[in-house]
Amino acid sequence: MSGIRMIVGLGNPGPEYEKTRHNAGFWLVDELCWQFKGNWRNEGKFHGDVARVDINGQDVWLLKPMTYMNLSGQAVLALAQFYKILPDEILVVHDELDLPPGTARFKQGGGHGGHNGLKDIAARLSSPAFWRLRLGIGHPGDRNEVANFVLKKPRGEEQQALDEAILASLRELPRAIAGKMAEAMKALHTEAK
């Protein structure tokens, strides 16, 4: 497979959302940007904050859409079209209700599982073939509570488990970026249970 050229962290802009479960994607790309000495800058034409980092000799674009979750695809499409990045060269990092906190999983393609950010990205790219890095946040147990749950802060032990899953994911990202996704998946899926 070709490598990953663009990593998108999903979340909502604004201080009121900063520490909510729905912003787990932002947390990971912020840490990645810091680790690889990138600098975020707001880019109107890409509808978000953008940084370019060098990860083991490969240029990678980092993106945090500032459109709010439901319109994330607007930013992804704008950056992908401008730099001619294909769907299978994109990794979208997002919160995942169907995995417990502390779990992280790579996956390519598939449905959106009700996640509005993924739904909009797949629609705008006209393809679900992009990669996902699913960060488990757990489920409130009642689907009527989901909207409320994702927009709340994780409990202390959940936050700790999420932070550990993010660190485990960051250790495997260089392999994924280099196109060694099978190796990265095996290592991550063994490590971040």
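Predicted model, so just to flag it, every value in this text is computed and none were measured. (Residues numbered from 1 in each chain as written. Predicted model: local features only at pLDDT ≥ 70, side-chain atom pairs only at ≥ 80, totals over all residues. Heavy atoms only, no water.)

Points about the nonpolar core
As a reminder, the rule being used: To qualify as a nonpolar core, a set must consist of buried Ala, Val, Leu, Ile, Met, Phe, Trp, Tyr and Cys residues joined through side-chain atoms within 4.5 Å. When a residue's accessible area, from a 1.4 Å probe over protein chains only, is under 20% of the maximum for its type it is buried; when over 50% it is exposed; and in between it is partly exposed. Under the DSSP-based scheme used, a helix requires at least four consecutive residues in state H or I and a strand at least two consecutive residues in state E, with every element numbered from the N terminus. We call two residues contacting when some pair of their heavy atoms lies within 4.5 Å.
Judged by nonpolar contacts, the single largest core of 36 residues is most densely connected at Ile 7, Leu 28, Phe 106, Leu 133, Leu 135 and Leu 173. Broken down by element, this core gets its largest block of residues, eight residues, from helix H5 (residues 156-177). Apart from the residues within four sequence positions on either side, Ile 7 is in contact with Val 29, Leu 32, Val 60, Trp 61, Leu 62, Leu 63, Leu 91, Val 93, Leu 173 and Ile 177. Counting residues in each nonpolar core, the second largest holds 20 residues, with Val 8, Met 69, Ala 78 and Ile 90 among its members.

Quick word on the packing of helix H1 (residues 24-35) against H5
The criterion, for reference: Axis definition: a line fitted to C-alpha atoms, limited for helices to the stretch in contact. Angles are taken between N-to-C directions and run from 0 to 180 degrees. These descriptions rest on fixed angle ranges, namely under 35 degrees for roughly parallel, over 145 for roughly antiparallel, 65 to 115 for roughly perpendicular, and the rest for oblique. Left-handed describes a crossing whose near helix is turned anticlockwise from the far helix by less than a right angle; the clockwise case is right-handed.
Direction vectors running N to C along H1 and H5 enclose 50 degrees, while the axes themselves pass 10 Å from each other. As far as their axial angle goes, H5 and H1 are oblique. Crossing geometry of H1 relative to H5 is assigned as right-handed. Contacts between H1 and H5 pair Ala 24, Trp 27, Leu 28, Glu 31, Leu 32 and Gln 35 from the former with Gln 159, Leu 162, Ile 166, Ser 169, Leu 170 and Leu 173 from the latter.

Re the sheet that holds strand S2 (residues 41-43)
What counts, and what does not: Paired strands are those between which DSSP finds at least two bridges.
Strands sit in the order S2-S3-S4-S1-S5-S7-S6 across an open sheet of seven strands; the sheet is mixed. Edge strands, defined here as strands with exactly one partner in the open sheet, are S2 and strand S6 (104-108). Within the sheet, the average angular offset between the axes of one strand and its neighbour, ignoring direction, is 30 degrees. By the bridge criterion, four bridges tie strand S1 (residues 6-9) to strand S5 (residues 90-96) in an arrangement that is parallel.

As for the environment of Gln 159
Within the fold, Gln 159 resides in helix H5. Residues Gln 159 and Ala 182, 23 residues apart in the sequence, show an inter-C-alpha distance of 28 Å. Residues contacting Gln 159, with those up to four places away along its chain left out, are Trp 27 and Pro 154.

So, the UniProt feature "binding site: tRNA" (unreviewed entry) in the protein chain
Put simply, the rule is: UniProt positions are given in the numbering used here, feature names are shortened, and annotations may be inferred rather than shown by experiment.
Annotation from UniProt places "binding site: tRNA" (unreviewed entry) at Tyr 17, Tyr 68, Asn 70 and Asn 116. Along the polypeptide, Tyr 68 turns up in the loop between strand S4 (58-65) and helix H2 (72-82). Residue class for Tyr 68 comes out partly exposed when judged on its relative accessible area of 41%. Once residues within four sequence positions are removed from consideration, Tyr 68 is found in contact with Gly 11, Asn 12, Pro 13 and Tyr 17. Inspection of the secondary structure puts Asn 70 in the loop between S4 and H2.

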